[in-house]
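# Notes for the structure review
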Amino acid sequence: GGSGRAGDCGTAGQTLERGLWGCDERTHMREAIRLRSWLAVVVGRLGNAREGIEIAELAADQAATYGLGNEYAQVCAKLCYLCDMLDDAAGYEHWCRRGIAVAGPKSRRIETLLMVNLACACIDQGRLTEGLGLCVAAVKSVERGHSTLPCPARWGGSSEGRRCGRGGRAGWWAYASKK
């Protein structure tokens, strides 16, 4: 049920805050950014997505300041999730685009995830050509990497992949195996 998951999020939030407190951000920038971005998700899951976005935006600013492209893209994916909690389609698309466009190395998986998320946003807004182009690019990225294709939960076909408890774009947690 929801109360058990909320309890787990409360414990997770406390643990992440302890990790941040013990982290010297001058020497462990990546770790602090990652902890802060996961804390943002937990805060959102506890019912305060706006505060989660503020926390995640701080993490994104830090990643950008230090030129950490992969961490920035990871935070952007979490910002998409938080924006979806608020039904903020413009914010969702904004963070997808920012994560895709960030300079520097980033994992193929996170870049593909952001492309699929953006494709979903485009399709939702009737921009089918752009959405299809992004889907094709995402599939090509997966084929090059012999990986799995991250997909929105509503495309995954089952509720097991949905951790956000909604069927919207926030299903970035779900993955479909590439056959």
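Keep in mind the model is a prediction, meaning the values are calculated, not measured. (Residues numbered from 1 in each chain as written. Predicted model: local features only at pLDDT ≥ 70, side-chain atom pairs only at ≥ 80, totals over all residues. Heavy atoms only, no water.)

### Description of the confidence of the model for the protein chain
Averaged over every residue, the pLDDT of the protein chain is 81; residues scoring 70 or more account for 77%. Segment residues 153-179 is flagged for pLDDT under 50; beyond a separation of four residues in sequence, or across chains, it makes 64 contacts in the model. (pLDDT = per-residue confidence, 0-100. Contact = heavy atoms within 4.5 Å.)

### Some details on helix 6 (residues 108-124)
Along its 17 residues, helix 6 runs 24 Å from first to last C-alpha, staying within 8% of the 24 Å computed at 1.5 Å per residue. Among the 17 residues in helix 6, 12 count as buried, and that is most of the element. Taken from the residues just after helix 6, Gly126 is the one with a positive phi, measuring 85°. (Helix = DSSP H or I, 4+ residues; strand = E, 2+ residues; numbered from the N terminus. Expected span 1.5 Å × (residues − 1). Buried < 20%, exposed > 50% of the residue type's maximum accessible area, 1.4 Å probe, protein only.)

### Focus: the packing of helix 6 against helix 7 (residues 128-145)
One can describe the packing of helix 6 onto helix 7 by two numbers: an axis separation of 8 Å at closest approach and a directional angle of 160°. Between helix 6 and helix 7, the interaxial angle falls into the category roughly antiparallel. In this structure, helix 6 crosses over helix 7, and the sense of that crossing is left-handed. Of the residues in helix 7, those touching helix 6 at Arg108, Thr112, Met115, Val116, Leu118, Ala119, Cys122 and Ile123 are Leu128, Glu130, Gly131, Leu134, Cys135, Ala137, Ala138, Ser141, Val142, Arg144 and Gly145. Class assignment of the residues belonging to the contact of helix 6 with helix 7 gives a composition of 12 nonpolar, 4 polar and 3 charged. (Axes fitted to C-alpha atoms, helices over the stretch in contact; angles between N-to-C directions. Parallel < 35°, antiparallel > 145°, perpendicular 65-115°, else oblique. Left-handed = near helix turned anticlockwise from the far one by under 90°. Nonpolar A, V, L, I, M, F, W, Y, C, P; charged D, E, K, R; others polar.)

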